[in-house]
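So you can see what is in the structure, the chains are spelled out below.
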Amino acid sequence: MAQQTLYVPVNDKPQLVEVHLDALPDDVDVVLQLLQGEIAPPALWIDVAKAYLSRGKVEHFVKILDKGKDPVVEKYHPDAHYDRMKILCLLAAYFVATARTYKPTMKLQRDQAFARALTYLNQAGMIQNGQQEQMPLIGRGMLQVAKGELSQAKKSFEEASRRRDNGRRNVVGLLGKAQVCCMQSEWEEALACYTEALMMHPQCPASVRNGIGLCSMKLGYIKQAEAAFNRVLHLEENNVTALTALAVMRINEAKSLEGPKKTVKQNEAATLLKWAFSSSGGQDDPNVLDNLSFHFLARGDFANAGGLAAKAFQRASDRPKLQAESLYVTACACHAQGMMKEAKQNYMAACERDPTFPLPFIGLGQMHLNEGESNLKLAAEAFEKACKGIPLSSELHAIIGELYHKSGEAKKALEFLKTAISLSPGNADAHRLIGDCYVQTDSKLALQHYEQFLKLTENVLEKEKLSTNYIFLLNNTGIMYYKKYQFHSASTAFCSALESLQQGKNLTMDDDWVLNSTCIARVAKELKPGVQVTIAYNLARAIEESGNFKSAKYLYDSVLQCTPGYFDCHFRLAGMAKKLSDYDLALKHLQKAESLLTTNDVSEREKEALKECLMGMRVHLFLDLHKWPETKALLSNMKSKTPERKNQVFPMVAEGNLNFLTTPRARSNMNDKEKSRIKYHLAKANDYFAMVLKDFSNCTYAANGIGLVLLRELKFKEAKQAFAAVQEAAVAEDNQALLADVLSNLAQAHLLSGDHAVASKLAETILQRFSFGHDDSILLLGAKSLYEEGKLLEAKEILQRAIHHRPYDLRLWFNCAHVLEEYGTRLFVREEQRRGTRAKLQDLQVAAQCLNQASSIFQYLKTIYVAVHARFGYSEEALSMHLEHCKRNLISAQEYVSKRKEELAVEQAKVEEEQRRYERSKEEKEAERMRQERLAIEERERQELQARQAQEKLEILKEQWKLQGGPRQAEGKRKKRKKERESTVQDMEEEEGAGDGQGLEDAGLVSSDEEEQRPADGEESDPARNGGIPSTNKPAAPAEAPPRDLRALGLEDSSDEELEVAEETEAGQKRKRAAARIEDEEEAPPLSSPS
């Protein structure tokens, strides 16, 4: 290698001093004396300083540059503007690099170095050489990058890219801007800058093409990135950056592959990394070491991964981001090998080195989770820091939300979970977790998110359906449906949960799920202790609320058979028995439930609460059985056991209900004592309800009781207001059971106040929304409303529905018979009085049938009255009265129906006779019409026949005329004979002196018929009519145009078209017939004249 030499010009002499750069003295003062003594130009100062820097003597480099900016040098070399600017920028670059070496804790030293660098850059910017140089701006941009002011650095580099470097174009400004854009993850703009720099300087270093490849890879342009890196390797075979980038691309491709293809990609990545490792001189490039450690970590070779990461950490002493990656790899290797303490330490060290690197925070969060539920909040905070580096990760947001939910911070949990859904609407776990957050506060929103989860996981694998989270979610979904009174959907959710637990059993119910006993039997048969029992109990609850008590009881018994100590099943069985009026069975189940309290392992607090529930159920049973003393004793016992004021609500409300129910019924003939007794009970009930509301103003049950008292006192307006207030409170509290009760009371208030239509609508609403048409009391209320409204048939249908559910309730039978009786009676009374239009026979028959049914029901009730009168509620005299009334009306109805049938038969006979007359008249009119049509057809055929005959005759004449020489010749002959005959006649008249022509007749020359057929004045006579004797007195006239009579006959020599048109008209037909008559007379050959 040739020795590098500098020549220093001697001041004021044409001589040069030779300085060998490789042999520079260690004492920099010697070189400084030479440069100062000869007043060397700034360019030489820069070359000597760079020579010392290349030997690693940074102090000499700085000292030489510091002396090179001396004003003396500037005085002797005033035109060296660019070199002086370069010296200042080199000094600024040195201080920027020095500031980078200081640790973050040495803030004062860093700031001082940055300040000196900024001072030199300002001085460089003030040097004017006639044009704006880019070097100070590039230095300023580097300074701002070192300080972390990326936005200002981008502006500085952008301004520098528009300037020149000593009059030449330079791509450094574009490359600096591209680097800043990469640091800001603005890959599109960075790619544009790198591309523009390459176009400006095609011979630029390989690092520019590496930048293009990196930006393309980040933007997803994989083929373009691979082409750029391959081009770099073509230019520089051992370019470590390109080799490492290609290896990373192979690793990423392997992640999406399986089997042999994945292995091939991994081997290619390993080959490229080994190549890069060997090209970097073994262990010099920390980036290669870092990527190799990631590769071995992915392959499961934790020992090599940790060793390479440690070496990379040592080599990257000035690159904290790369050190953070190395620490992360080391932590992952320790984590995988079960060394949790070392893993946590390395995770924390990586987080300290680079707080923007998200992966160490995720690992640290996992460490906190591994330490137990006490560190859930710490784990959530660690994941939250990681989320700042991965802001678009929906899964990470969902994990943070779940951790905050488990920590009890529902508000923060919902915030992260909603963000997760906004980032990825298909994140099923986020919907499930939001549903869990809303379970206790908003069942409607919880149900919406549970439904969305089920929709998104509709096609999940069977093994995922067996997961605990999936089963619990289905159970929660069923509970939400249950709270919304959607019992069909609730049952479907519970069945799906059981299907998952029982591993593929088809338990989903169809549309007839309430009656599908096969599904219930299958559930009971496969039932096992544990979670299945709880879900089966929930299913039984949903079926019970739907009104299918039989299937619900079967499920409760199955649960008790599988888990005999299940207290709640006995409690629910008692409630169903109470609804079915089987009070003995209800008390039996309550006793079993009480016995379980002593054997079950429950806390004292839970045991006391369950005892209060059982006592409350007993109170309701005694109230239904009208056991007033037992009820009062129970309530006193409850008050004594729970002296706290807050526990007195139920006993006091029950006391109010007891006084209300024991109020005697109002009658028309009551005495003062009875009236005062009614007032006393109502006032006492009202006092109990008022005392509860005084202490607990939001107790809707007490407010409902006050409404009932007002209703009993016939204060309908005030009662409606009270019930409306209770309704609003029930809706606000989402208390569906209370809402059903208050709507029932409100309907009763409207019924008593005369608003029958409103009452019937409210009853129908309650039946559809709450009781599914199975509540006999609501059915009776609706029937009463329709009865008062006059809709008796609708009332009968509702009563029949109630009888279907409670066939043993004889009061329902009596009411149904009464409605039937009323309908039949009203219809026949209205018919007899002729009010409005007369009823149809079918309606009369239905009314008679109703009377017959009512009579049968009353007869049956009277027959069994002796055995059931205690629970019937009506007297035998009333039954007898209704029965006699029905029989009497039935006889009248049957007679009236028979009479109406006869009337209708007579009317029908009349109608049939009129119909027959009408049909005969119609037939006669039709026959006459057909006869007229036939005659018209015959007339038309006759006329057509005559026309054809006339045409045939005309054709024959035409043929004859052709044989006789044509029509003109024959016409001439006729004219000649006519003139001769006229001349003869004239002579004879002159001789005889007679004007009447009698002599001609006697001579046989002219007949009377021919005289009548002579033409009128102006027309010539036909010689054939005069016997064919021509006149001898006058010569024959010459042939002229055809005469008018021939033209009228159509015999002139005319064209065929004119003849056809004439034949088509009525006048033409007449002329044809006239011509035919004339031709008939001319058939005889004319007499020849005498010779």
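Residues numbered from 1 in each chain as written. Predicted model: local features only at pLDDT ≥ 70, side-chain atom pairs only at ≥ 80, totals over all residues. Heavy atoms only, no water.

*Asks:* What should I look at first to understand the overall build of the chain in this one?
*Replies:* If you tally the helices and strands in the chain, you get 52 helices and two strands. Sorting the 1091 residues of the chain into buried and exposed places 41% on the buried side. The contacts in the chain between residues at least 6 apart in sequence include a share of 56% that link residues at least 24 apart. Total accessible area computed for the chain in this model is approximately 61,000 Å², and 51% of it derives from carbon and sulfur atoms. (Helix = DSSP H or I, 4+ residues; strand = E, 2+ residues; numbered from the N terminus. Buried < 20%, exposed > 50% of the residue type's maximum accessible area, 1.4 Å probe, protein only. Contact = heavy atoms within 4.5 Å. Areas by Shrake-Rupley, 256 points an atom, 1.4 Å probe, with all protein chains shown as cover.)

*Asks:* Help me understand the environment of Phe716 in this model?
*Replies:* Along the chain, Phe716 falls in helix α38 (residues 716-733). According to the relative accessible area criterion, Phe716 is partly exposed, its value standing at 22%. Measuring from C-alpha to C-alpha, the distance between Phe716 and Gln748 comes to 9.8 Å, with 32 residues separating the pair along the chain.

*Asks:* How should the packing of aromatic side chains be read in this particular structure?
*Replies:* Two aromatic rings, taken as a pair, are described by how far apart their centres are and by the angle between their planes. Inspection of every chain in the model, using the stated rule, returns 10 aromatic pairs. For the ring pair Tyr328 and Phe357, a centre distance of 5.8 Å and an interplane angle of 75° mean the geometry is edge-to-face. With Tyr328 in helix α17 (residues 320-336) and Phe357 in the loop between α18 (340-353) and α19 (358-370), the pair connects residues that are 29 residues apart, well separated along the chain. In terms of burial, Tyr328 and Phe357 fall into one category: buried. Between Tyr404 and Phe416, the ring centres sit 5.8 Å apart and the planes meet at 20°, which makes this aromatic pair stacked. In this pair, Tyr404 sits in helix α21 (residues 394-406) while Phe416 sits in helix α22 (residues 410-423), placing the two residues 12 residues apart along the sequence. Since its relative accessible area comes to 10%, Phe416 is described here as buried. What links up through ring pairs into an aromatic cluster is the set Tyr94, Phe95 and Tyr120. In this arrangement the basic side chain of Arg826 is found over the ring face of Tyr787, its NZ or CZ atom lying 5.7 Å from the centre. (Phe/Tyr/Trp six-rings, centres within 6.5 Å; stacked < 30°, edge-to-face > 60°. Lys NZ or Arg CZ within 6 Å of the ring centre and 35° of its normal.)

*Asks:* Would you take a moment to explain the packing of helix α5 (residues 81-101) against helix α7 (residues 135-147) for this structure?
*Replies:* To characterise two packed helices, one gives the angle between the axes of the helices and the distance between these axes. Direction vectors running N to C along α5 and α7 enclose 5°, while the axes themselves pass 10 Å from each other. As judged from the angle between their axes, α5 and α7 are roughly parallel. Across from Tyr82, Met85, Lys86, Cys89, Val96 and Arg100 in α5, the residues of α7 making contact are Met135, Pro136, Met142, Leu143, Val145 and Ala146. Tallied by class, residues from the contact of α5 with α7 come to 10 nonpolar, no polar and two charged. (Axes fitted to C-alpha atoms, helices over the stretch in contact; angles between N-to-C directions. Parallel < 35°, antiparallel > 145°, perpendicular 65-115°, else oblique. Nonpolar A, V, L, I, M, F, W, Y, C, P; charged D, E, K, R; others polar.)

*Asks:* Please explain the confidence of the model for the chain as it appears in this structure.
*Replies:* Any residue range with low pLDDT should be treated as having predicted coordinates unsuitable for detailed reading. In the predicted model, the chain carries a mean pLDDT of 77, and 80% of its residues have values of at least 70. Within the model, the stretch residues 505-515 combines pLDDT values under 50 with 30 contacts to residues more than four positions away or in other chains. Of the regions scoring below 50 in pLDDT, residues 1078-1091 engages in 17 contacts with residues more than four places distant in sequence or in other chains. (pLDDT = per-residue confidence, 0-100.)

*Asks:* I keep staring at the packing of helix α8 (residues 150-161) against helix α9 (residues 172-183) and nothing clicks. Help me out?
*Replies:* Contact pair α8 / α9: the axes reach a minimum separation of 7 Å and the direction vectors enclose 155°. In terms of axis orientation, α8 runs roughly antiparallel to α9. Relative to α9, α8 is oriented so that their crossing is left-handed. On α9, the residues touching Leu150, Ala153, Lys154, Phe157, Glu158, Ala160 and Ser161 of α8 are Gly173, Leu174, Gly176, Lys177, Val180, Cys181 and Met183. (Left-handed = near helix turned anticlockwise from the far one by under 90°.)

*Asks:* I'm lost on the pattern of salt bridges in this one. Help?
*Replies:* Any two side chains of opposite charge can pair, on the condition that their charged atoms come close. All chains considered together, the criterion is met by 37 salt bridges. A salt bridge links Lys107 to Asp111; the nearest nitrogen and oxygen atoms lie 3.0 Å apart. Here Lys107 and its partner Asp111 are both found in helix α6 (residues 107-126), four residues apart, which amounts to about one turn of the helix. With relative accessibility at 38%, the residue Asp111 sits in the partly exposed group. The partner of Lys784 in a salt bridge is Glu788, with the nearest N and O atoms 3.0 Å apart. Note that Lys784 and Glu788 are positioned in helix α41 (residues 776-789) at a spacing of four residues, about one turn of the helix. A residue is classified by how much of its surface remains accessible, and Lys784, at 39% relative accessible area, is partly exposed. One connected set of salt bridges, linked through shared partners, spans Lys154, Glu158, Glu159, Arg162, Arg163, Lys177, Glu186 and Glu189. (Salt bridge = Lys/Arg side-chain N within 4 Å of Asp/Glu carboxyl O.)

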